[in-house]
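# A structural walkthrough
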Amino acid sequence: MNDNINEHSQIKAQAAIARLERFSKLTDSSIGIPFTKFNIGLEAVIGLVPVIGDAAGLILSSYVLIEAQRLGVSKRIKTKMIINMLIDFVGGLVPFFGDIFDAFFKANTRNTQLLKNHLNKQLSE
């Protein structure tokens, strides 16, 4: 029975990571910049709208945190995620440079990777 629960937890975690990787790609790197190898995402585009765009990006970023909560991730990992979200939000508020910052920082990708590393470490124990 315990193996069944563990297997169910693994499947649930893998499904969440797959969803979050798709979400992170969409929000952080789904739009290729012509003649470069650089990609931006919808969050950087939304962030072009002063303050409102950055607030919308913060709300979008909370999805990764909600998934982490559903998976029962530790407070320490969630705190790191919140710090990444706040850095992205505050950095994005700076006129012009904030838009460039948003394109490079990619908080959702960072947080998805943080969650993925944590879950892989947990599953290997």
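These numbers were taken from a predicted model, which means no experiment stands behind them.

How each quantity is defined
- Every chain is numbered on its own, with residues counted from 1 as its sequence reads.
- Two thresholds apply to this predicted model, a pLDDT of at least 70 for residue-level local features and 80 or more for giving and counting side-chain atom pairs, whereas whole-chain, interface and lining totals are computed over all residues.
- Only hydrogens and water are removed before side-chain values are computed, so all heavy atoms of the structure are retained for them.
- Interaxial angle, 0 to 180 degrees, is taken between N-to-C directions of lines fitted to C-alpha atoms, where a helix line uses only the stretch in contact.
- Runs of E in the DSSP output that reach at least two residues are strands. Runs of H or I that reach at least four are helices, and both are numbered from the N terminus.
- The scheme is simple: roughly parallel for angles under 35 degrees, roughly antiparallel for over 145, roughly perpendicular for 65 to 115, oblique for anything else.
- It only takes one pair of heavy atoms within 4.5 Å for two residues to be counted as in contact.
- Residue classes follow a fixed rule: Ala, Val, Leu, Ile, Met, Phe, Trp, Tyr, Cys and Pro count as nonpolar, while Asp, Glu, Lys and Arg count as charged, and any other residue, Gly among them, counts as polar.
- What qualifies as a polar contact is a pair of N or O atoms within 3.5 Å, subject to a donor-acceptor requirement within protein and to the restriction that residues adjacent in sequence count only when both atoms come from side chains.
- Side-chain atoms within 4.5 Å link the members of a nonpolar core, which is a set of buried Ala, Val, Leu, Ile, Met, Phe, Trp, Tyr and Cys residues.
- Categorising residues by exposure relies on relative accessible area from a 1.4 Å probe, with only protein chains included: less than 20% of the type maximum marks a residue as buried, more than 50% marks it as exposed, and the intermediate range marks it as partly exposed.

A word on the packing of helix α4 (residues 75-93) against helix α6 (residues 107-124). Where α4 contacts α6, the two axes come as close as 9 Å, and the packing angle between them is 170°. Here α4 is positioned roughly antiparallel relative to α6, judged by the angle of their axes. Residues I77, K80, M81, N84, M85 and D88 of α4 touch α6, and the partners they reach there are A107, R110, N111, L114, L115 and H118. Per-class residue counts for the contact of α4 with α6 are six nonpolar, three polar and three charged.

Bringing the side chain of N108 into the picture now. Mapped onto the fold, N108 is located in helix α6. A distance of 2.8 Å separates the side chain of N108 from the side chain of E43, its partner in a polar contact. Excluding residues that lie within four positions of it along the chain, N108 makes contacts with F23, S24, T27, D28, E43, S61 and V64.

To continue, consider the nonpolar core. With 16 residues, the main nonpolar core has L71, V73, M81, L115 and L119 as its most contacted residues. Of all elements in the fold, only α1 (2-29), α3 (52-70), α4 and α6 reach the threshold of two or more residues within this core. A total of five residues in this core trace back to one element, the largest contributor, which is α1. Those residues in contact with L71 that sit more than four places away from it in its chain are K12, A13, A16, L115 and L119.

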